[in-house]
Amino acid sequence: MNYRMIFHTTGKVAIVLAVLLVIPMVLALCLSEACWWAFAITIGISLVIGLVLTLCLKPKTDVFFSKEGLIIVSLAWIYVSMIGALPFVISGAIPSYIDALFETASGFSTTGATILIGEQIEGMAKGLLFWRSFTHWIGGMGVIVFVMAIVSGATDRSMHILRAEMPGPTVDKIVPRARSTAKILYLIYIGMTVLEIIALIIAGMPIFDSVVHAFGTAGTGGFGIKADSIASYNAACQWIITVFMILFGVNFNVFYLLIMRKFRSAFSSRELWIYGGIIVVSVTAVAINITKQLPYTQNVGDGIRHAAFQAVSFLTTTGFTSIPASSSLDSLPLLTKGILFVLMFIGGCAGSTAGGLKVSRIALLGCAVRKELRRVLSPRNQSVVKFEGKVVSDETLRSVTSYFALYMFIIAVAFIVLSFDKAANLSVEANITAAVSCVNNIGPAYGVVASGYYMYNWASKLVLTVAMVLGRLEIYPLLLAVSPFTWMKR
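I will try to describe carefully the structure that is included in this document. (Residues numbered from 1 in each chain as written. Predicted model: local features only at pLDDT ≥ 70, side-chain atom pairs only at ≥ 80, totals over all residues. Heavy atoms only, no water.)

**Considerations on the overall build of the chain**
- Counting secondary structure elements, the chain contains 23 helices and 2 strands.
- Computed over C-alpha atoms, the radius of gyration of the chain comes to 22 Å, within 12% of the 23 Å expected from 2.2 N^0.38 for 490 residues, which places it in the range of a compact globule.
- Summarising its shape, the C-alpha atoms of the chain cover approximately 75 × 65 × 50 Å along the three principal directions.
- Evaluated residue by residue, the chain yields a buried proportion of 57% over its 490 residues.
- About 19,900 Å² of surface is accessible on the chain, with carbon and sulfur atoms providing 68% of the total. (Helix = DSSP H or I, 4+ residues; strand = E, 2+ residues; numbered from the N terminus. Rg over C-alpha atoms; globule rule 2.2 N^0.38 Å. Buried < 20%, exposed > 50% of the residue type's maximum accessible area, 1.4 Å probe, protein only. Areas by Shrake-Rupley, 256 points an atom, 1.4 Å probe, with all protein chains shown as cover.)

Next comes the structure, spelled out in structure tokens:
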């Protein structure tokens, strides 16, 4: 185990986090907001920790393997969540550290679940609101991927880190070097974010609002700056956000192929077509179900717009809502709520910023079931499973099925723990959707939780915080990092 490499890299993360915190601090200073000093203190703390780790624990060798990569990613996410919460606590915007940790972990994991109610959000300083949404943007592509893209010294073995942090059953390099892959991914990410900001400004959204909502869309996070999320913005803004939610739910390899003008390769992606098919079917079903059934869907155009927004928001695990403040998710027809609940599990494509199981993993689970059925019917027939033009190994199928089993187990455990909470008006529906929402990094839930997660006690919030990070890192890295056997020398 290369311990020095693990903590040295964590130190780099601490320094990068300190640099990133400068942006909201400068914004707060420009707006004469008192919260700037909360950022300054946090920057100092993170900078000291980073310098100590990087200077005192220089690795003797840069060789490390997948185990170290998984641990580095886990420690980085734990660190940014714990330190990133400090500006909220120090400024007094969120006095409870547990609440601030929940909010920050929700931001970095791109969940969008919040313990804040409408008045607290709208009354928060813009510097803090910017940081709150900026955590979505940082966490969307990945904390370590960002560090790899800007910090020199990344080796070919950095692919172990890239695989640990990028969502999906498999991760491939776009180009031979992992650091170059990270740079390309972030250039695409930045370009798409800027395009959305420009489009929202043209559509009439204020500049600050456009920036923070673009951050939330890019990271498929969902933190808003208004009590009604996106509902009070015009239809053009809602359609723009819908389109970009779809785009950020696509595997970024597809965009790279399009840039390289390899159109046939880009559009031959089976996962992309399945993803598009799910969007078309779910939007159509929801539109039929809600048109003329709700006060804000009395004409076909509004019905289609709200259906597209909500279905895409849940599928891509963004969590924005276009439902007016006078209504809520619970007011939706039962069929629509059922469809959205199913979409919670699916998520976007592998290699995107979306959460959930991922479309490719769902497809591979279907392939595994089909192969098993064929084996039962014809034991001597050795069928071969192909996906994206490649033969899928039995090892990959086993890893997908074992991941699904562990994933369902974690949801069940989170649900049981939440069931011990004595908060008023909690129901089975509220607790199960809260557990599913946090593990899948979505944010919204049904029942009393539709208005926020503030009613849960500190223990429930900690469990949901862990669930959010587990979901974002796809379980194994965090489990490995907290296992005593991982740290034993062999």
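Okay, back to it.
**Concerning a nonpolar patch on the surface**
- Taken together, Leu29, Trp36, Trp37, Ile41 and Ile45 make up a surface patch of nonpolar side chains, about 440 Å² in accessible area.
- If you tally residues by element for the nonpolar patch, the top one is helix α2 (residues 36-56), at 4 residues.
- Within the secondary structure, Ile45 is located in helix α2.
- For Ile45, a relative accessible area of 34% puts it in the partly exposed group. (Patch = residues over 30% accessible without salt bridge, like charges linked within 9 Å, V, L, I, M, F, W, Y side chains within 5 Å. Salt bridge = Lys/Arg side-chain N within 4 Å of Asp/Glu carboxyl O.)

**Some remarks on the environment of Leu397**
- Secondary-structure assignment places Leu397 in helix α19 (residues 394-419).
- As for Leu397 and Val369, which are separated by 28 residues in sequence, their C-alpha atoms are 9.8 Å apart.
- Those residues in contact with Leu397 that sit more than four places away from it in its chain are Leu364, Ala368, Lys371, Val385 and Val392. (Contact = heavy atoms within 4.5 Å.)

**A closer look at the pattern of salt bridges**
- Tallying each qualifying case throughout the model produces 9 salt bridges.
- Across the pair Glu103 and Arg132 runs a salt bridge, and its minimum N-O distance is 2.9 Å. Here Glu103, found in helix α5 (residues 97-108), pairs with Arg132, found in helix α7 (residues 126-141); they are 29 residues apart in sequence, far enough to count as distant. Like Glu103, the residue Arg132 is buried in the burial classification.
- Connected via shared salt-bridge partners are Asp330, Lys337 and Glu429.

**Digging into unusual backbone geometry**
- Phi is positive for Lys292, close to 70°, though the residue is something other than glycine.
- Note on placement: Lys292 falls in the loop between α15 (270-290) and α16 (300-315).
- With phi around 60°, Thr317 is a residue other than glycine that occupies positive phi space.
- Assignment of secondary structure puts Thr317 in the loop between α16 and α17 (334-346).

**Regarding the environment of Ser74**
- Of note, Ser74 is situated in helix α3 (residues 66-84).
- As a C-alpha pair, Ser74 and Val439 span 365 residues in sequence and 16 Å in three-dimensional space.
- Ignoring anything within four residues of it in the chain, the contact list for Ser74 reads Leu473, Pro477, Leu478 and Ala481.

**Things to note about the nonpolar core**
- Formed by 133 residues in total, the largest nonpolar core has its most connected members in Trp131, Phe252, Leu343, Val449, Tyr453 and Tyr456.
- If near-sequence neighbours (up to four positions away) are discounted, Val449 is found in contact with Leu426, Ala430, Ala434, Met455 and Tyr456. (Core = buried A, V, L, I, M, F, W, Y, C linked by side-chain atoms within 4.5 Å.)

**Section: α2**
- Between its first and last C-alpha atoms α2 spans 30 Å; for 21 residues at 1.5 Å apiece the expected length is 30 Å, and the two agree.
- Those residues of α2 that fall on the buried side of the exposure criterion are Ala38, Phe39, Thr42, Ile43, Ser46, Gly50, Leu53 and Thr54. Projected down its long axis, α2 shows its buried positions confined to an angular sector of 125°, all on one face. For α2, the exposed residues lying more than 90 degrees away from the buried face are Val48, Leu55 and Cys56. (Expected span 1.5 Å × (residues − 1). Arc of directions from axis to C-beta.)

**Re helix α21 (residues 458-472)**
- The end-to-end C-alpha distance of α21, which contains 15 residues, comes to 21 Å, matching closely the 21 Å that a straight helix rising 1.5 Å per residue would cover.
- Along α21, the positions that sit buried rather than exposed are Ser460, Lys461, Leu464, Thr465, Ala467, Met468, Val469, Leu470, Gly471 and Arg472.
- If you check the start of α21, you find a side-chain oxygen 3.1 Å away from the backbone N of Ala459, and it comes from Asn457.
- Downstream of α21 by a residue or two, Glu474 has a phi angle that is positive, lying close to 60°. (Polar contact = N/O pair within 3.5 Å; in protein donor to acceptor, adjacent residues only side chain to side chain.)

Take it as geometry only, folks, not as evidence of what the structure does.
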